[in-house]
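Understanding the architecture of this molecule
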Amino acid sequence: MPDLPFLLFSLVAAAAAIMVVTRPIAVHALLYLVVVLLALAGLFFALGAPFAAMLEIIIYAGAVMVLFVFVVMMLNLGRPDRDRERHWMAPAVWIGPSLLSGLLLAALWPALRASPPAGPGSPTVIGPEAVGIMLYGPYVLSVELASFLLLAGLISAFHIGRDIRGTGTDTGTGDA
């Protein structure tokens with residue numbers, strides 16, 4: 001039988017990913033995206049890559065999600081703030097992400113309590129120094145291109161949101 005935590009993390013990631021693309025409200029999709037990223041970190045952990053799991057949580061579930069939330073706040077699309085915030089704080093909005101997060105915790109709990117394997121067959125531990133040397137050694141161009149891609153996405157989202165809101169600014173497309 002396959003590893004139970006791996007299956008649970010996989011199911012949670014798949015269910016949350018479906019919820020990300022089917023939610024009409026951007027903040028709800030972002031909540032589910034956080035659950036997807038945490039489930040992927042759990043998959044890395046279940047596969048024996050705890051450092052990759054930590055990087056997934058710190059970089060993607062932390063920093064990139066802050067960027068996404070900042071973009072959503074900057075665009076400020078839809079209803080007035082007070083109505084939107086009242087809807088976000090409704091308990092029904094938090095049921096799905098809370099259930100999926102609870103499943104993640106249930107799957108991760110036995111792995112957190114278990115001791116790491118020891119002996120000649122145990123996996124090689126790769127520390128942060130080795131990862132940093134790889135990222136900023138032969139892959140430095142890929143890392144920098146990814147950062148420029150994120151910046152381009154942020155600027156594009158800002159301009160698209162500005163045009164959707166109808167601020168009356170000219171985008172240079174020839175429309176007056």
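Everything below is about the structure shown above.
One structure accompanies this document, and this report is about it. (Residues numbered from 1 in each chain as written. Predicted model: local features only at pLDDT ≥ 70, side-chain atom pairs only at ≥ 80, totals over all residues. Heavy atoms only, no water.)

Within the chain, the regular secondary structure consists of seven helices and zero strands. Partitioning the contacts of the chain with sequence separation of at least 6, the portion at a separation of at least 24 is 65%. (Helix = DSSP H or I, 4+ residues; strand = E, 2+ residues; numbered from the N terminus. Contact = heavy atoms within 4.5 Å.)

Turning next to the nonpolar core. Formed by 14 residues in total, the largest nonpolar core has its most connected members in Val 12, Ala 16, Val 35, Leu 100 and Leu 104. Elements represented by at least two residues in this core include exactly helix H1 (4-22), helix H2 (26-46) and helix H5 (91-113). The element best represented in this core is H2, accounting for six residues. Dropping the residues within four chain positions of it, Val 12 is found in contact with Val 35, Ala 39, Leu 100, Leu 103 and Leu 104. (Core = buried A, V, L, I, M, F, W, Y, C linked by side-chain atoms within 4.5 Å. Buried < 20%, exposed > 50% of the residue type's maximum accessible area, 1.4 Å probe, protein only.)

The subject of this paragraph is the environment of Ala 13. As for its position among the elements, Ala 13 is in helix H1. The exposure class assigned to Ala 13 is buried, which follows from its relative accessible area of 10%. Between the C-alpha atom of Ala 13 and that of Tyr 32, which follows or precedes it by 19 residues, the distance is 9.2 Å. Filtering out sequence-adjacent residues up to four positions away, Ala 13 remains in contact with Val 36 and Ala 39.

Our next topic: the packing of H1 against H2. At a minimum axis distance of 8 Å, the contact between H1 and H2 shows a crossing angle of 160 degrees. As far as their axial angle goes, H2 and H1 are roughly antiparallel. Viewed along their axes, H1 and H2 form a crossing whose handedness is left-handed. Each of Phe 6, Phe 9, Ser 10, Val 12, Ala 13, Ala 16, Ala 17, Met 19 and Val 20 in H1 lies in contact with H2, whose residues at this interface are Ala 29, Tyr 32, Leu 33, Val 35, Val 36, Ala 39, Gly 42, Leu 43 and Ala 46. Looking at the contact of H1 with H2, its residues break down into 16 nonpolar, two polar and no charged. (Axes fitted to C-alpha atoms, helices over the stretch in contact; angles between N-to-C directions. Parallel < 35°, antiparallel > 145°, perpendicular 65-115°, else oblique. Left-handed = near helix turned anticlockwise from the far one by under 90°. Nonpolar A, V, L, I, M, F, W, Y, C, P; charged D, E, K, R; others polar.)

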